[in-house]
Amino acid sequence: MISHGKEIKIFAGNSNRPLAEAIARRLNTSLGEMELTHFSDGEIYVRYGETIRGMDVFLIQSTSNPVNTNLMELLIMIDAAKRASAGRITAVIPYFGYARQDRKARGREPITAKLVANLLTSAGADRILTMDLHCMQIQGFFDIPLDNLVGGPTLYNYFKPLVNDDFIVVSPDIGSVGRARKVAAKMDAKLAIVDKRRPKPNVMEVMNIIGEVKGKTCLMVDDLIDTAGTITQGAIALMDSGAKEVYACCTHGVFSGPAIERLAASPIKELAVLDTIQIPEEKMLPIFKVISTAPMFAAAIENVYLDKSMSKIYD
């Protein structure tokens, strides 16, 4: 893979080692040596076990649960790489935490996504590589290049065998309509929308279904599933409206709080999720289908390293 320029080095934090190792294998290399430990009081220590002076360094770390610990690990990894004179530092963040706090919805609230962008830049990151940001405008929070990969093609290719005249793509809420519409267009399928209101965070009430789902095989599409209230209540509403069966897919399986219990009790037949977040073994359900993003991230890393266009990967 390495054909010119500086040597490439790939390191990983503790958030998702299996994905990092899979990415390294796709690039015909191995993860670099790095000591990453926590002191008894919780402080984090990082030391690279090999020289990275002048090299193209890629640091793989999702800022998933525990969010603050994984974020601090990444910031300290970046700082250590900068002080070790790395030539270029790319933070590979398969799941970008705090992305939902992208605006002031009410007075006296923070814009935490912007704060995290500032922290990553101040720590010394030269570039960000991520997937399916919750809101596209977060790209504008960075004053360094950011590549936002799209997980949709991987998911709809998996579900393509289901497509027939009785197949329909469903957006679980109004905010996901754009994403679901793109998937529906790619799959040459019709679109339905679950109309809902959210009286408070992580609480959802279904209002009605926009579109005809009676007798249909439904595929609900979202970027992430957190407490699973939206997706499970949407699935129940679809079945109550006469849907034949309900499938679901998302890029990021956050699965916090009551998510696993809700999904286990839901009428969802299968849930396909990308591996941007490592799902603990105890949270795995029979309905889960985990699909690897390693090929896409490996291709993106290679294109960044070789200064090639990312357009085909975006598509």
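Provided above is the structure to which this section pertains.
What counts, and at which threshold
- Residues numbered from 1 in each chain as written.
- Predicted model: local features only at pLDDT ≥ 70, side-chain atom pairs only at ≥ 80, totals over all residues.
- Heavy atoms only, no water.
- Helix = DSSP H or I, 4+ residues; strand = E, 2+ residues; numbered from the N terminus.
- Rg over C-alpha atoms; globule rule 2.2 N^0.38 Å.
- Buried < 20%, exposed > 50% of the residue type's maximum accessible area, 1.4 Å probe, protein only.
- Phe/Tyr/Trp six-rings, centres within 6.5 Å; stacked < 30°, edge-to-face > 60°.
- Disulfide = S-S within 2.5 Å.
- Expected span 1.5 Å × (residues − 1).
- Arc of directions from axis to C-beta.
- Contact = heavy atoms within 4.5 Å.
- Salt bridge = Lys/Arg side-chain N within 4 Å of Asp/Glu carboxyl O.
- Pairing = 2+ DSSP bridges.

Draft legend 1. Examining the overall build of the protein chain more closely. A tally of regular secondary structure across the protein chain gives nine helices and 14 strands. Over its C-alpha trace the protein chain gives a radius of gyration of 20 Å, about what one expects of a compact globule, namely 20 Å for 315 residues. Expressed as lengths along the three principal axes of its C-alpha atoms, the size of the protein chain is roughly 60 × 45 × 35 Å. Within the span of the protein chain, comprising 315 residues, buried residues form 53% of the whole.

Draft legend 2. Focus on the packing of aromatic side chains. For the structure on display, the rule yields six aromatic pairs. Seen in terms of ring centroids, Phe11 and Tyr48 are 4.7 Å apart; in terms of plane orientation they differ by 75°. Their pairing is edge-to-face. Here Tyr48 lies in strand 3 (residues 44-48) and Phe11 lies in strand 1 (residues 8-12), a separation of 37 residues in the sequence. On the basis of relative accessibility, which here comes to 8%, the residue Tyr48 falls in the buried class. Taking the centre distance of 5.0 Å and the plane angle of 10° together, the rings of Phe255 and Phe288 count as stacked. In this pair, Phe255 is assigned in the loop between strand 12 (245-253) and helix 7 (259-265) and Phe288 in strand 14 (residues 288-291), connecting sequence segments 33 residues apart.

Draft legend 3. Looking closely at the state of the cysteines. On inspection of all chains with the given rule, the structure shows zero disulfides. This cysteine, Cys218, is not joined by any disulfide, and Cys249 carries the nearest cysteine sulfur, 13 Å off. Taking relative accessible area as the criterion, Cys218 reaches 0% and is therefore assigned buried. For Cys250, which is in no disulfide, the shortest distance to another cysteine sulfur is to Cys249 and amounts to 7.3 Å.

Draft legend 4. Structural detail: helix 3 (residues 112-123). Spanning 12 residues, helix 3 covers 16 Å between terminal C-alpha atoms, matching the ideal 16 Å at 1.5 Å per step. Of all the residues in helix 3, the buried ones are Thr112, Ala113, Val116, Ala117, Leu120 and Ala123. The buried residues of helix 3 occupy an angular sector of 150° when projected down its axis, which confines them to one face. Elements in contact with the buried residues of helix 3: helix 2 (67-83), strand 5 (88-93) and strand 6 (127-131). One or two steps after helix 3, the chain reaches Gly124, where phi turns positive at roughly 125°.

Draft legend 5. Here's a closer look at the environment of Ala189. The residue Ala189 is located in the loop between helix 5 (177-186) and strand 9 (190-200) in this model. Considered as a pair, Ala189 and Ile144 are 45 residues apart in the sequence and their alpha carbons are 38 Å apart. In this view, Ala189 contacts Phe167, Val169 and Ala184; residues no more than four positions away in its chain are not counted.

Draft legend 6. Geometry of the pattern of salt bridges. Under the definition given, this model contains 12 salt bridges. Across the salt bridge formed by Lys9 and Glu50, the nearest N and O atoms sit 2.4 Å from each other. On the criterion of sequence distance, the pair formed by Lys9 in strand 1 and Glu50 in the loop between strand 3 and strand 4 (56-60) is long-range, its members being 41 residues apart. Relative accessible area serves as the criterion here: at 15%, Lys9 is assigned to the buried category. Between Arg88 and Asp56 there is a salt bridge; the shortest N-O distance is 2.8 Å. Of this pair, Arg88 sits in strand 5 while Asp56 is found in strand 4, placing the two residues 32 residues apart along the sequence. Each of the salt bridges in this network shares a partner with another, and the network as a whole consists of Glu7, Lys9 and Glu50.

Draft legend 7. A look at helix 8 (residues 294-305). The end-to-end C-alpha distance of helix 8 is 16 Å, a good match for the 16 Å that 12 residues give at a rise of 1.5 Å each. Burial of helix 8 is extensive: nine of the 12 residues sit out of reach of the surface. When we look at burial in helix 8, the residues that qualify are Ala294, Met296, Phe297, Ala298, Ala300, Ile301, Asn303, Val304 and Tyr305. Following helix 8 by one or two positions, Asp307 has its phi on the positive side, about 55°.

Draft legend 8. Region of the structure containing the pairing of strand 8 (residues 167-171). Summarising burial for strand 8: five of the five residues are buried, a large majority. Side chains of strand 8 alternate between two faces, with Phe167, Val169 and Ser171 and Ile168 and Val170 buried alike. Inspection of the sheet shows strand 8 paired to strand 11 (residues 217-225) by four bridges, in the parallel sense. Bridged to Val170 within strand 11 is Met220.

No statement about biological role is implied by the geometric values presented.
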